[in-house]
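Topology and contacts: notes
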Amino acid sequence: MAEVILKSVGKVYPGGVRAVQGVDLHVRHGEFIVLVGPSGCGKSTTLRMVAGLEEISEGTISIGGRVVNDIAPSDRDIAMVFQNYALYPHMTVGRNMAFGLERRRRHGSLLRSLLSPAYAAERRAESARIQARVDEAASLLGLRPLLQRMPRELSGGQRQRVAVGRAIVRDPAVFLFDEPLSNLDAKLRGEMRTELRILHRRLGATMMYVTHDQEEAMGLADRIVVMKDGLVQQIGSPSELYDRPVNRFVASFIGTPTMNFIEGDVERDGNGLALRWPGGRITLPVGITLATARAAIGIRPDTLVPVADGPFRGTVQSIEFLGDRADVLVESSGARLNARVPTDSARAMREGESITLGMPGLVHIFDGEGQRAE
Amino acid sequence: MKSLRPWFQSALLAAGSVVFLFPLWWMVVVSLETPKRAGAAMTGQDGVALWPADPQWGNYAEALAEMGSEPWVGFVNALANSIVVTTLVVIGTVLSSSLVGFAFARLRWRGRGALFTLMLATMMLPGQVTLIPLFLLFRGLGWIDTILPLAVPAFFGNAFFIFMYRQFILQVPESLVEAAKVDGHGWLGIWWTVILPLCRPVTAICAVFTFIGTWNDFMGPLVYLHAEEQSTLAVALNSFRNQYGGLDDVHLLMAASLVTMLPCILLFIAAQRQFVEGLARGAVKG
């Protein structure tokens, strides 16, 4: 276990393209941190810089209190699980898992083994230790029956397990995962997500995980780092990100379905402020300060509910039943609002009918530049 | 285009096979003929028989015994020399071409593109153009009458195989190389433990072509090796020509040629699966 500290880390590719800039991050001992963001946001590049697979253009990265900028990947005490698993196709599962340790063991020659019985015994003991570690990891992940198989003989889920097993065998200070579940189908992805979470608790290891799937991030992380255009947007626990997004990007990226935004003009309302848009007007909570003439309110779909009298009158465009809940799309004065309502409420609605929505829950307010207003 | 009917396809392929196999079969027939009938077939005085009237199996032993000036010694020497030279050249070509192909495919270094183009350009040079400069170079190094001029250049790569290896290695996922880096391998370790085992189809093509080319090479050994005990099988076959450059014992030449060809045929059969697989991939797709 170890801390990972990134200080003002940046990556500039030849040609001047800035993939990552000014990333400051402190991953604590045993923490499961997830880097999330859309394609090209710099999350994988950041992880690869931690792994040592990308050179660091700016700043420093330390693992376990040691700056690793100029240290080779194999000497950083990390293990990485790749998106396509990166299992060596010509080696058995067992050999794949032992490969990293075998490499470390091979510091002596066959000739030396033949000449020195003590040395040969030491090497045999080391081989036995490696085998024991492979067996232990294989048992943990249910891979023991597969140890003699070749990767091509495994299903996607089994390959994924082997990739995780290969990382566990190394017993690293930090586990790095680069979108390891993205090649799996939805059901298996859900199962593996749970298994990874359990594994993290069992190993108590520091883990850094990259995904573009915010649901996966919310399900796995102790803390989430949201990135966009190479910049960190917000770092926080899943609930912090969900309840108090710092800007419109985070607000829209985190949560399914996406948050609804109503944009309008800010106007005085007695001692406070109000937001007016073509379809209505709403008084903003007391104490809100806004420096811009335009602003937006953000409403989570699950905080919109059908009411007799509310700020949003519109027409039901579509109803999608999801089991215990339903997603209802409402067109209100040119704005499209997603509401996630209990199925019982949705049964009473008809597509094309008028509806009034209210929002008794939390409302988020963003200024004209998209920053959270408090 | 409408696909051909299966029977027509088979007939076409069979006809093609006959065209390609006939010279080989003719060699077999002549190698089993009596000296008189073989000579007549050679000079066109007699038609080509499809089956020898009285197969002379002893021709084979006689051919091998008569290769060179001393019975059997010439053949054994030539066989040993061919094995040594071919083994060295195959090992050298596979190792060096795959290593250079790996460097062109995976390592980032200044001038890589320009050097790759230059390397490809060397493929356009016919061997005859470089023969005399190379001879002068090797003579300067004191390598004439040794196998070094035949074996050493193989350890400096072959442009065509470097190109094949590069194209194949480009298809190997980058993450495998990265995983090997995380596992503690340097570039040489990655090439040896990960890349080379994955390049088996290309290696099969490279090894088979190099083997056949070197085993049958006449010009190289003729130019660089002058003593009879140094000659390879391809050169030793020349001993069947008489002092005027004609052929007295064509049946023995055919018998010895068939024995010489045998390893190539056996190697192709043994490596056929890998070889065809490699060709089918065109060595450009993983």
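Source: prediction; values computed, not measured.

Details of the overall build of chain A
Helix and strand content of chain A: 10 helices and 20 strands. Summarising its shape, the C-alpha atoms of chain A cover approximately 90 × 45 × 35 Å along the three principal directions. A buried classification covers 37% of the 374 residues belonging to chain A. Intrachain contacts of chain A at a sequence separation of at least 6 include 65% that bridge at least 24 residues.

Side note on the nonpolar core
Judged by nonpolar contacts, the single largest core of 136 residues is most densely connected at V34(A), M80(A), A163(A), L176(A), M208(A), V226(A) and Y165(B). Looking at this core, the element that brings in the most residues is helix α4 (residues 73-106) of chain B, giving nine residues. There are two domains that each give this core at least three residues, and those are domain 1 (4-243) and domain 2 (257-367) of chain A. The residues touching L176(A), leaving out its near neighbours within four places in the chain, are L47(A), V50(A), A51(A), I78(A), M80(A) and M208(A).

A look at the pairing of strand β2 (residues 18-27) of chain A
Residue and element names in this part refer to chain A. Here strand β1 (residues 4-12) pairs with β2 via six bridges, running antiparallel. By the bridge assignment for β2, V12 is matched with R18. Where β1 folds back onto β2 in an antiparallel hairpin, the turn is made up of five residues, including G15, whose phi is positive at roughly 105°.

Let's talk about the interface of chain B and chain A
Counting residues at the interface gives 13 residues for chain B and 16 residues for chain A. Broken down by element, the residue count for the side of chain B that touches chain A peaks at six residues, all from helix α9 (residues 174-182) of chain B. Each residue belonging to the side of chain B that touches chain A can be placed in one class, and the counts come to seven nonpolar, three polar and three charged.

As for the sheet that holds strand β6 (residues 78-81) of chain A
Residue and element names in this part refer to chain A. Spatially, β6-β7-β8-β3-β9-β10 is the arrangement adopted by the six strands of the open sheet, whose pairing is mixed. Whereas interior strands pair on both sides, the edge strands pair on one side only; in this sheet they are β6 and β10 (231-236). Geometrically, the sheet is characterised by an average inter-axis angle of 15° between neighbouring strands, direction not taken into account.

A short note on the environment of G310(A)
Residues and elements named next belong to chain A. Along the polypeptide, G310 turns up in the loop between β15 (305-306) and β16 (312-321). Placed 295 residues apart in sequence, G310 and G15 show a C-alpha to C-alpha distance of 54 Å. Not counting the four nearest positions on each side in its chain, G310 is found in contact with T356, L357 and G358.

Thoughts on the sheet that holds β16(A)
Residue and element names in this part refer to chain A. The strand order β15-β19-β16-β17-β18 describes an open sheet built from five strands, whose pairing is antiparallel. Of all the strands in the sheet, the pair left with one neighbour each is β15 and β18 (335-342). In this structure, β16 lies alongside strand β17 (residues 325-332), joined through six bridges in antiparallel fashion. Across the sheet, the residue bridging to S318 is L329, located in β17.

Overview of the confidence of the model for chain B
Residue and element names in this part refer to chain B. Mean pLDDT for chain B: 87, with 93% of residues reaching 70 or above. Ranking the elements of chain B by mean pLDDT puts helix α15 (residues 272-281) last, at 69, and helix α8 (residues 159-170) first, at 96. Considering only residues more than four positions removed or in separate chains, one finds that residues 282-286, a stretch of pLDDT under 50, has 11 contacts. Here the predicted complex carries an ipTM of 0.84, next to a pTM of 0.83.

Comments concerning α9(B)
Across the nine residues that make up α9(B), a large majority, seven, are buried. Those residues of α9(B) that fall on the buried side of the exposure criterion are L176(B), V177(B), E178(B), A179(B), A180(B), K181(B) and V182(B). Buried residues along α9(B) sit in contact with α1 (43-51) and β6 of chain A together with α4 and α10 (187-198) of chain B. G184(B) lies just past α9(B) and shows a positive phi near 105°.

A word on unusual backbone geometry
Residues and elements named next belong to chain A. Between T256 and the following residue, P257, the backbone shows a cis peptide bond with an omega angle of -5°. Its place among the elements puts P257 in the loop between α9 (248-253) and β11 (260-269). Positioned with a positive phi, Y85 is a non-glycine residue whose angle comes to about 75°. Even without being a glycine, E179 presents a positive backbone phi close to 45°. Within the fold, E179 resides in the loop between β7 (174-178) and α6 (186-203).

Overview of the pairing of β6(A)
Residues and elements named next belong to chain A. Judged by which residues are buried, β6 turns out to be covered on both faces: I78 and M80 on one side and A79 and V81 on the other are all buried. In terms of strand pairing, β6 meets β7 through four bridges, oriented parallel. Residue V81 lies in a different strand from β7, and its bridge partner there is F177.

Definitions and cut-offs
Residues numbered from 1 in each chain as written. Chains lettered and ligands numbered in written order. Predicted model: local features only at pLDDT ≥ 70, side-chain atom pairs only at ≥ 80, totals over all residues. Helix = DSSP H or I, 4+ residues; strand = E, 2+ residues; numbered from the N terminus. Buried ≥ 20, exposed ≤ 12 C-beta atoms within 10 Å, placed from the backbone. Contact = placed C-beta atoms within 7 Å. Core = buried A, V, L, I, M, F, W, Y, C linked by C-beta atoms within 7 Å. Domains from an automatic or database assignment. Pairing = 2+ DSSP bridges. Nonpolar A, V, L, I, M, F, W, Y, C, P; charged D, E, K, R; others polar. Axes fitted to C-alpha atoms, helices over the stretch in contact; angles between N-to-C directions. pLDDT = per-residue confidence, 0-100.

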